[in-house]
Amino acid sequence: MKHTLNETGGRLVIALEGNFIFSDHAAFQSVLERLHQQAVKDCVFDLAGLDFIDSTGLGMLVLANDVCERSGFFLRLINAHGQVRAVLERAEFGTIMTVE
């Protein structure tokens, strides 16, 4: 998984690319740390560049959502397609966070 972070006007956009799997856990910890440090009101994970996600990737998104809720802002997932969208729908992620 590759990721980029862009903060503009109180919104943090985190774009994920490639595969989001178990081996990305350590790299994703840096994303979670940035969520703690940012003075944002809104967090968006842009999944347009994400080709594959496994159960560990789903779990990491849940962790990110927990960090956002504790920090008092919302997390949204946008632009999911293909396998990623199908997995999010099967896991009913729309019931725990906003999926657009």
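Residues numbered from 1 in each chain as written. Predicted model: local features only at pLDDT ≥ 70, side-chain atom pairs only at ≥ 80, totals over all residues. Heavy atoms only, no water.

### So, the pattern of salt bridges
It is possible for side chains of opposite charge to pair when their charged atoms get near one another.
Step number 1: Summed over all chains, the structure comprises 4 salt bridges.
Step number 2: A salt bridge links Arg76 to Asp42, with the shortest nitrogen-to-oxygen separation between them at 3.4 Å. Of this pair, Arg76 sits in strand E4 (residues 74–78) while Asp42 sits in strand E3 (residues 42–53), and the two are 34 residues apart along the sequence. Taken individually, Arg76 and Asp42 each receive the classification buried, so the pair is uniform in this respect.
Step number 3: A salt bridge links Arg76 to Glu100, with the shortest nitrogen-to-oxygen separation between them at 3.0 Å. Pair noted here: Arg76 is in strand E4 and Glu100 is in the segment after strand E5 (98–99), with a separation of 24 residues, a long-range link.
Step number 4: What makes Glu100 partly exposed here is its relative accessible area of 45%.
Step number 5: If you follow the salt bridges from partner to partner, you end up with Arg11, Asp42, Arg76 and Glu100 in one network. (Salt bridge = Lys/Arg side-chain N within 4 Å of Asp/Glu carboxyl O. Helix = DSSP H or I, 4+ residues; strand = E, 2+ residues; numbered from the N terminus. Buried < 20%, exposed > 50% of the residue type's maximum accessible area, 1.4 Å probe, protein only.)

### Thoughts on helix H1 (residues 25–37)
Step number 1: End to end, H1 covers 19 Å across 13 residues, agreeing with the expected 18 Å (1.5 Å per residue, within 8%).
Step number 2: Here H1 has its buried residues at Phe28, Val31, Leu32 and Leu35. Each buried residue of H1 sits inside an arc of 100° when the element is viewed along its axis, so together they form one side. Pointing more than 90 degrees away from the buried face of H1 are the exposed residues Ala26, His36 and Gln37. (Expected span 1.5 Å × (residues − 1). Arc of directions from axis to C-beta.)

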